[in-house]
Every structure is written in C-alpha cells, then in structure tokens.
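Fold and geometry: a report
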Amino acid sequence: MKKPFDGLPFQSADILLPTGCDLQKWAVVACDQYTSQPEYWERVERFVGGEPSALHLVLPESSLDGPDVENDITEINETMTRYLRAGRFRELPDALIYVERTLSGGAVRRGLVGKVDLEAYDYEEESRSPIRATEGTVFSRIPPRVAVRKNAPIELPHVMLLCDDPQQTVLEPLAKETGAMEPLYDFELMENSGHLKGWLLNGEQKERVANALHALQGTAEDAMLFAVGDGNHSLATARECFERQKRITPPEQWDSLPARWALVEVCNLHDPALVFTPIHRVVFDVEPQLLIKAFAASCPDAYIGEGAGIPLAFCHGGERGTVIVPDGERKIPAAILQGFLDAYLLENGGRVDYVHGEDTAEALSHRLRTVAFFLPALDKKTLFPAIKKSGPLPRKTFSVGRAEDKRFYLEARRIR
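Below is a short write-up of the structure. From a predicted model like this one, the values you see are computed outputs, not experimental measurements.

Once that is clear, we can look at the pairing of strand E18 (residues 310-316). The element E18 is largely enclosed, with a buried count of 5 among its 7 residues. When E18 meets strand E19 (residues 319-325), the two strands line up antiparallel, connected through 7 bridges. Its bridge partner lying in E19, Leu-312 is registered against Val-323. Hairpin geometry of E18 and E19 is characterised by an intervening segment of 2 residues between the two adjacent antiparallel strands and by a positive phi of about 55° at Gly-317. When E18 meets strand E21 (residues 370-374), the two strands line up antiparallel, connected through 3 bridges. Counted as the bridge partner of Ala-313 is Phe-374 from E21.

Here you go:
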C-alpha cells in the first residue's frame, strides 16, 4: 500500500524529545558557532553546570583540534548511552514537529522537523539529486566530524533545509492549525536567542504536507526539492557515516539502516523571517598590511580605495579601508576573497575564521596580527537558480540568520 511520503526524500521520523529536565539548559546553539569566542561556550558551561543538556552530547567546533578531543568524543558517546538508559527521552513515533522560532529581533521563523533520505543527497558539484549542497564541501572538515558521529547512538540536528515554496503551500498552512496539534515545548532559549515552540502534527496534517511536497517536487528526473541552508558539512558527515555502514552491511539491509536517514528542519526560502546574512572573514596570525596588498595585487586592476566595482571592506587595529575589484566573470565576493585566502594562507601561514556579525568581526580585528574582511549579503532569491545552474557556491557564502538565531539542538533520533 502506497504511503503519503513514498517517493519523497523527506519523511516523518521516530523523534526523541528530552523529558524531566530544564529545556532552557538542554537546548544549545549549533556547535559551529562562536568558534573564536570561547567565552560564549564558557558562559554556557557555567549556566548548564551538571544538568542534563545537549551541551554534553555535542562537541563545539572550537574543540575539534583540542588536546583531549578523543576523550571528549568518548565521553559524549557514553553520555548519550547513559541518557538513553536513564529514560531521558520521550519517543514520538512516526512524527513531524511544526516549529516556531521567535528570533532575537522578534520575527517568527517556521520550520518542520523530520528526516531526510541520505540516498537522495549528493554534495558533489555536478549533483542532480533532490537534496543539494549550497556551498563547496571542504573534505578535510569531514573526518573529525565522522569521528564524533560514527559510534554515536543518537544524532541531534542543526541542519536546516530550504524549500523554494513562494506560494507557501507546505509550512504556512500549519501556522493556522496549531490548535489541532499536541503542544510539545514552549520555552525561552539561553543567551538572549529568542523563544522556541513545537507541536506534533496529526495524521491528516502529515498527509497534506506530503501532498504539498509532491506538488513542489514535480515529476522532473533532476528535480531539486531542497537546498541545504545550514549544516552542509554536518549532512555530508551523515552521508559519509552511512556510506561506511553500507560497506560492512549486505545491500539487502541498506534500506533498514537507521543511518540512512538524518534528522533536519525544513524551512521555506520565502519565509520573511528567514534572512540571509553575510559571513565575514577574520584572518589571524598574519601581517595585515602585507595580506591586504597581496590581495589587491592578486586581482587584475584591483586597488585599495573607493570606486566602481566589487567593494571588499577590511579592518585591522581600528583602521578601515576597501579593496575595489573590477566587475568580471566571478561576481560573488566570497569567491573572490576565499580563493585568495586559501592560496595565501597555505603559502604564508595564518588561519581564517568565519564570523557572523560585523561588530564581532571588527572587535576581533583589534587583536594583534589580525584583519577582518566584511562581505555583503547574498540575495536569497538567487539561491535556487544559482545552485541549479552552477552547483554549490563557495563555502561560507551566506548564513541563515545571525549566530544567535541559528538552530538549537533539541530533538534527537537513534542512528544505530
């Protein structure tokens, strides 16, 4: 018998929700945020203390290169197992969760939590899969994430997928029907990051979501239903872990592997509360003046000053300026700057961090031997056409909201 979600890469899932704990202390922001601001994670640690929390189940990206990372990963996996055995989770079978996130600025972003089929996801540049990456995959970033996930019994998602739904057929009708849903959570997030509400969809609502997604997907063989809005490398890691399990599992059992699926939140690209913000570059352990001059010299006819062209502003030690790059074939500022930084840092040393918020980037640029580059925001209406035409954009081209508005870890799912 055909089921409503058959033929779709998105389905309902057996979702785990924490129970018997303070949800404000449980939910923490995506692990790839505040990588150059350890004081943020220190505040979170003090606030959470020894209470049950997703903080104990994830590894902040700033700790991936730490001296005790292997012990950290082992402790995370042991904590996951302990939470499962202690009944820390309530399981919602075959569930979809409608989410309303009130952002730090007051806008409400809508989402739908379910699972996606990793067989329908491909991050290669020539991908024609239903789920596609929006930024180039840095393969060196996958192994440390695999180390965290490969033996984990559960996953906690910060991946956000975007659907191109200008007629608002999938998510928006649910906003008017929360009275017919079971309320699941309603609480303030830590660190002034807004408010989170969630409801469990009933059977009729799930079926209507499935029908809307079928209509949105269409019948084309190379139809693109979802683009990865946040968590490109996390989804790539989930795919790699699935591929590893396939290599040691008979093919007839692949369909039943829990690792075939990944828990995500789906949002509508056309949600007014979903805003694309730029991701700035802060470069550490370099001589700022030498790097800026080298950058200008690397682009034909570029210069430091003001004028017509693509402006790339910089700041170091309180001094501001702009590199003007003439318009050319490569019109995406992130592509121009990132290509230079990759080559320059490989030859000269230093490191780059990707920072949300111009104020934060400027504050970091006051450190010795540090320079910040400020990038403009990408027009979100161009995202799907660009991915369909040319494949993934350069890494860290855009961000879905500011750091404090990123997805928080709350829901979980068994992956083993």
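Alright, that's what it looks like, and here's the rest.
Here we take up the sheet that holds strand E20 (residues 351-356). Pairing between the strands of a sheet is mediated by backbone hydrogen bonds and can be parallel or antiparallel. Judged by pairing direction, the sheet is antiparallel, and its 6 strands sit side by side in the order E17-E19-E18-E21-E16-E20 without closing on themselves. Where the open sheet ends on each side, the last strands, each with one partner, are strand E17 (303-304) and E20. Helix H7 (residues 288-298) contacts strand E16 (279-284), E17, E18, E19 and E21 of the sheet and is inclined by roughly 40° relative to E21. The strands that helix H8 (residues 333-348) touches are E16, E18, E19, E20 and E21; relative to E16, the one it contacts most, it runs at about 20°.

Let us now look at helix H10 (residues 383-390). Residues of H10 that are buried: Leu-383, Phe-384 and Ile-387. Seen along its axis, H10 keeps its buried residues to an arc of 95°; they face one direction. Opposite the buried face of H10, at more than 90 degrees from it, the exposed residues are Lys-389 and Ser-390. As for H10, its buried residues are in contact with strand E8 (131-132), strand E10 (160-163), strand E13 (226-230) and strand E15 (276-277). Positive phi shows up at Gly-391, right after H10, with a value of about 85°.

Glancing now at the side chain of Gln-33. Of note, Gln-33 is situated in the loop between strand E3 (28-29) and helix H2 (38-48). Owing to a relative accessible area of 3%, Gln-33 belongs among the buried residues under this scheme. When sequence neighbours within four positions are dropped, the list of residues in contact with Gln-33 reads Trp-41, His-356, Ala-403 and Lys-406.

Take the pattern of salt bridges next. Counting across every chain of the model gives 24 salt bridges. Linking Arg-239 and Glu-243 is a salt bridge whose minimum nitrogen-to-oxygen distance equals 2.7 Å. With a gap of 4 residues between them, Arg-239 and Glu-243 both fall in helix H6 (residues 232-247), about one helical turn apart. The same class applies to Arg-239 and to Glu-243, which are both buried. The salt bridge involving Asp-255 is made with Arg-260; its shortest N-O contact spans 2.4 Å.

On to H6, then. The end-to-end C-alpha separation of H6 is 23 Å, in line with the 22 Å expected for 16 residues at 1.5 Å each. For H6, a buried count of 12 out of 16 residues is recorded, marking the element as mostly surrounded by other parts of the structure. Considered for burial, the residues of H6 that qualify are Asn-232, His-233, Leu-235, Ala-236, Thr-237, Ala-238, Arg-239, Cys-241, Phe-242, Glu-243, Gln-245 and Lys-246.

With that settled, consider the packing of aromatic side chains. Here the structure, examined in full by the defined rule, presents 13 aromatic pairs. Aromatic side chains Trp-26 and Tyr-83 sit 5.7 Å apart centroid to centroid with 35° between the ring planes, which places their arrangement in the tilted category. Taken together, the residues span a long stretch of sequence, with Trp-26 in helix H1 (residues 23-26) and Tyr-83 in helix H3 (residues 69-85) at a distance of 57 residues. Feature note: the residues Phe-295, Phe-314, Phe-340, Tyr-344 and Phe-373 constitute an aromatic cluster, connected by ring pairs. Here the basic side chain of Lys-25 rests over the ring of Phe-47, its NZ or CZ set 5.6 Å away from the ring centre. The ring of Trp-254 has Lys-246 lying over it, and the distance from NZ or CZ to the ring centre is 4.6 Å.

Rules and cut-offs
- Sequence positions are assigned chain by chain, starting from 1 and proceeding in written order.
- Local features are withheld for residues below a pLDDT of 70 in this predicted model, meaning they are given only at 70 or higher, and side-chain atom pairs are given and counted only at 80 or more; totals for whole chains, interfaces and linings count all residues.
- Hydrogen atoms and water are omitted, and side-chain values are computed over all heavy atoms in the structure.
- Buried means the residue's accessible area, taken with a 1.4 Å probe over protein chains only, is under 20% of the maximum for its type, while exposed means over 50%, and partly exposed covers the values in between.
- For the purposes of this entry, the term helix denotes a DSSP run of H or I that reaches at least four residues, the term strand denotes a run of E that reaches at least two, and both are numbered from the N terminus.
- DSSP calls a pair of strands paired once it identifies at least 2 bridges connecting them.
- Two residues form a contact once any of their heavy atoms are found within 4.5 Å.
- Note on definitions: angles span 0 to 180 degrees between N-to-C directions of axes, and those axes are lines fitted to C-alpha atoms, for helices only across the stretch in contact.
- For this quantity, the arc is that covered by the directions from the helix axis to the C-beta atoms.
- Salt bridges, as used here, are contacts in which a Lys or Arg side-chain nitrogen is within 4 Å of a carboxyl oxygen on Asp or Glu.
- Residue count minus one, scaled by 1.5 Å, sets the expected span of a helix.
- For Phe, Tyr and Trp, where Trp contributes only its six-membered ring, two rings pair if their centres lie within 6.5 Å, and the inter-plane angle classes them as stacked under 30 degrees, edge-to-face over 60, or tilted in between.
- For a ring to carry a charge above it, either NZ of a lysine or CZ of an arginine must fall within 6 Å of the ring centroid while also lying within 35 degrees of the normal to the ring plane.

Keep in mind that these numbers describe shape and distance, not what the molecule does.
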